[in-house]
Amino acid sequence: MQFLKKNITVVLALVAVVGAGSAYYFYSQFQQLKANPQAINDKENKELVAKLGQLMLLPENEQP
């Protein structure tokens, strides 16, 4: 019985640490998004243009 209580305590502590780490990660991502909301769109546009540029010739000086 003592062994079972010890395992439950370890598992709960591990879940708490993982939960706190996840919460911190998503909070920091949210703060970055609040600081510059256009950054996500700019990054996606650059990736899309790069992939499309491999398939066809694109103008050099235009932004979507």
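Residues numbered from 1 in each chain as written. Predicted model: local features only at pLDDT ≥ 70, side-chain atom pairs only at ≥ 80, totals over all residues. Heavy atoms only, no water.

What follows deals with the overall build of the chain. Broken down by element type, the chain carries two helices and zero strands. Over its C-alpha atoms the chain spans a radius of gyration of 23 Å, topping by over 25% the 11 Å that the globule rule assigns to 64 residues. Over its C-alpha atoms, taken along the principal directions, the chain stretches across nearly 70 × 30 × 10 Å. Taken across its 64 residues, the chain has 0% of its residues classed as buried. Of the roughly 6300 Å² of accessible surface on the chain, 65% is carried by carbon and sulfur atoms. (Helix = DSSP H or I, 4+ residues; strand = E, 2+ residues; numbered from the N terminus. Rg over C-alpha atoms; globule rule 2.2 N^0.38 Å. Buried < 20%, exposed > 50% of the residue type's maximum accessible area, 1.4 Å probe, protein only. Areas by Shrake-Rupley, 256 points an atom, 1.4 Å probe, with all protein chains shown as cover.)

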